[in-house]
Amino acid sequence: MNEQNQRLSVWLGLAFAPLLFIGLAIAGFIPPPAPTLNADAIAAMFDEDRSWIRIGIWIATAASPLLAFYVASLSHLIRQIAGSSSPLLTAQTVAGTCLILEFIFPQMIWQACAFRVGRSPELLQMFNDVAWLCYMGIVGTAIVQMLVVALVVLQDRRAEPLVPRWTAFVCLWSAIGVAGGSFCVFVQTGPIAWNGLISWWLLAVSFTLWMFVMGYQMLRASRRIEAETPA
């Protein structure tokens, strides 16, 4: 039954990614509005697209708790490889829990921006800056998760590792890919701006690739554990 619940949790966790992108697309946030937009343009965006922003961000916020299932699935996998007493298990769980909140809080800031008509453009611009800088710039928790998973996979002493070792290198590449988002706090234009090639597109591709590669490997590992466990 544990492995059936593991597979259910993996699928629920993976549902987060498409729902998030659907929500952001409805809100008009793919790609993100440019950091160079002035206060009046930001105010006009929240005024003219108010309904779409509120609906889209509602979907994205509703999807965010699904990450809890993904975090739990990763924790279950780490427990199978490294044991329930491993500090790496705790580190991944804590980092993943923080990651959920790092999606929810910026999204609720955008909801606050769209909540009332007639707010000061400068105030809307400031809160929009805060939301996007948090959304794209706080990547440390995801990096910790990726590095922990990579380390655990490489430490597996089985003759046939539960998760293929090449998966660890996907995790390392993904950690490098999302790290670029942290630089969005320094510039308003170019590839490391929050809507740029590195901070937005590379981050989004790296994180999504990591989720689905690990999702596939967790499903595969779960079926192997189930097959090897005596009835």
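Treat the numbers as computed from the prediction; the structure is a model and nothing was measured.

## A short note on the overall build of the protein chain
If you tally the helices and strands in the protein chain, you get 10 helices and zero strands. Listing each helix as α and each strand as β along the protein chain from the N terminus yields α-α-α-α-α-α-α-α-α-α. A compact globule built from 231 residues would reach a C-alpha radius of gyration of about 17 Å, and the protein chain, at 19 Å, matches this within 12%. C-alpha atoms of the protein chain, sized along the principal axes, occupy 65 × 30 × 25 Å. Per-residue burial over the protein chain gives 49% buried out of 231 residues. Of the roughly 10,900 Å² of accessible surface on the protein chain, 69% is carried by carbon and sulfur atoms. The distance from the centre of the 12 positive side-chain charges to the centre of the 12 negative ones in the protein chain is 11 Å.

## With respect to the pattern of salt bridges
Oppositely charged side chains may form a pair once their charged atoms are brought near each other. Throughout the structure, instances matching the rule amount to four salt bridges. Here Glu 226 and Arg 7 are joined by a salt bridge, their closest N and O atoms 3.1 Å apart. Of the two residues, Glu 226 sits in helix H10 (residues 197–228) while Arg 7 sits in helix H1 (residues 2–14), which places them 219 residues apart along the sequence. Of the charged contacts, one joins Arg 158 and Asp 156 as a salt bridge, the two residues approaching to 3.0 Å between their closest N and O atoms. A residue is classified by how much of its surface remains accessible, and Asp 156, at 2% relative accessible area, is buried.

## What about a nonpolar patch on the surface?
The grouping of Leu 147, Leu 154, Trp 166, Phe 169 and Leu 172 at the surface amounts to a nonpolar patch, some 470 Å² of accessible area in total. Broken down by secondary-structure element, the contributors of at least two residues to the nonpolar patch are helix H8 (140–155) and helix H9 (166–179). With three residues, the single largest contributor to the nonpolar patch is H9.

## Re the side chain of Ser 64
Relative to the elements of secondary structure, Ser 64 occurs in the loop between helix H4 (50–63) and helix H5 (67–82). A distance of 3.2 Å separates polar atoms of two side chains, one belonging to Ser 64 and the other to Gln 107. With near-sequence residues (within four places) excluded, Ser 64 lies in contact with Phe 16, Ile 100, Phe 103, Ile 104 and Gln 107.

## Regarding the environment of Leu 14
The topology assignment puts Leu 14 in helix H1. Take Leu 14: its relative accessible area is 7%, and that puts it in the buried class. The spacing of Leu 14 and Tyr 216 is 202 residues in sequence and 9.8 Å in space, taken between C-alpha atoms. Setting aside its immediate chain neighbours within four residues, Leu 14 contacts Tyr 70, Met 211, Phe 212 and Gly 215.

## Some words on the packing of aromatic side chains
A full pass over the atoms with the stated rule returns 13 aromatic pairs. The interplanar angle of 75° and the centroid separation of 5.1 Å between the aromatic rings of Phe 16 and Phe 103 together place this pair among those described as edge-to-face. One end of the pair, Phe 16, is in helix H2 (residues 16–27); the other, Phe 103, is in helix H6 (residues 87–115), and 87 residues separate them in sequence. Phe 103 shares its class with Phe 16; the two are buried.

## Structural notes on the nonpolar core
A general trend in soluble globular proteins is that nonpolar side chains are found buried together. Formed by 64 residues in total, the largest nonpolar core has its most connected members in Phe 16, Phe 29, Tyr 70, Phe 207, Trp 210 and Met 211. Here this core gets 10 residues from one element, more than from any other, and that element is H10. Each residue touching Met 211, except ones within four places of it in the same chain, is listed here: Gly 13, Leu 14, Phe 16, Ala 17, Leu 67 and Tyr 70.

## What about the packing of H4 against H6?
Contact pair H4 / H6: the axes reach a minimum separation of 9 Å and the direction vectors enclose 160°. Relative to H6, the element H4 lies roughly antiparallel. Once H4 is placed against H6, the crossing between them reads as left-handed. Residues Arg 50, Ile 53, Arg 54, Ile 57, Trp 58, Ala 60 and Thr 61 of H4 pack against Ile 104, Gln 107, Met 108, Trp 110, Gln 111, Cys 113, Ala 114 and Phe 115 of H6. Looking at the contact of H4 with H6 residue by residue, the classes come out as 10 nonpolar, three polar and two charged.

## A look at H9
Compared with an ideal rise of 1.5 Å per residue, which puts 14 residues at 20 Å, H9 spans 20 Å between its outermost C-alpha atoms and is within 8% of the ideal. Every buried residue belonging to H9 is among Thr 167, Ala 168, Val 170, Cys 171, Ser 174, Ala 175, Gly 177 and Val 178, and all of these are buried. Against H8 and H10 lie the buried residues of H9.

About the criteria used
- Residues numbered from 1 in each chain as written.
- Predicted model: local features only at pLDDT ≥ 70, side-chain atom pairs only at ≥ 80, totals over all residues.
- Heavy atoms only, no water.
- Helix = DSSP H or I, 4+ residues; strand = E, 2+ residues; numbered from the N terminus.
- Rg over C-alpha atoms; globule rule 2.2 N^0.38 Å.
- Buried < 20%, exposed > 50% of the residue type's maximum accessible area, 1.4 Å probe, protein only.
- Areas by Shrake-Rupley, 256 points an atom, 1.4 Å probe, with all protein chains shown as cover.
- Lys, Arg positive; Asp, Glu negative; His and termini not counted.
- Charge placed at Lys NZ, Arg CZ, Asp CG, Glu CD.
- Salt bridge = Lys/Arg side-chain N within 4 Å of Asp/Glu carboxyl O.
- Patch = residues over 30% accessible without salt bridge, like charges linked within 9 Å, V, L, I, M, F, W, Y side chains within 5 Å.
- Polar contact = N/O pair within 3.5 Å; in protein donor to acceptor, adjacent residues only side chain to side chain.
- Contact = heavy atoms within 4.5 Å.
- Phe/Tyr/Trp six-rings, centres within 6.5 Å; stacked < 30°, edge-to-face > 60°.
- Core = buried A, V, L, I, M, F, W, Y, C linked by side-chain atoms within 4.5 Å.
- Axes fitted to C-alpha atoms, helices over the stretch in contact; angles between N-to-C directions.
- Parallel < 35°, antiparallel > 145°, perpendicular 65-115°, else oblique.
- Left-handed = near helix turned anticlockwise from the far one by under 90°.
- Nonpolar A, V, L, I, M, F, W, Y, C, P; charged D, E, K, R; others polar.
- Expected span 1.5 Å × (residues − 1).

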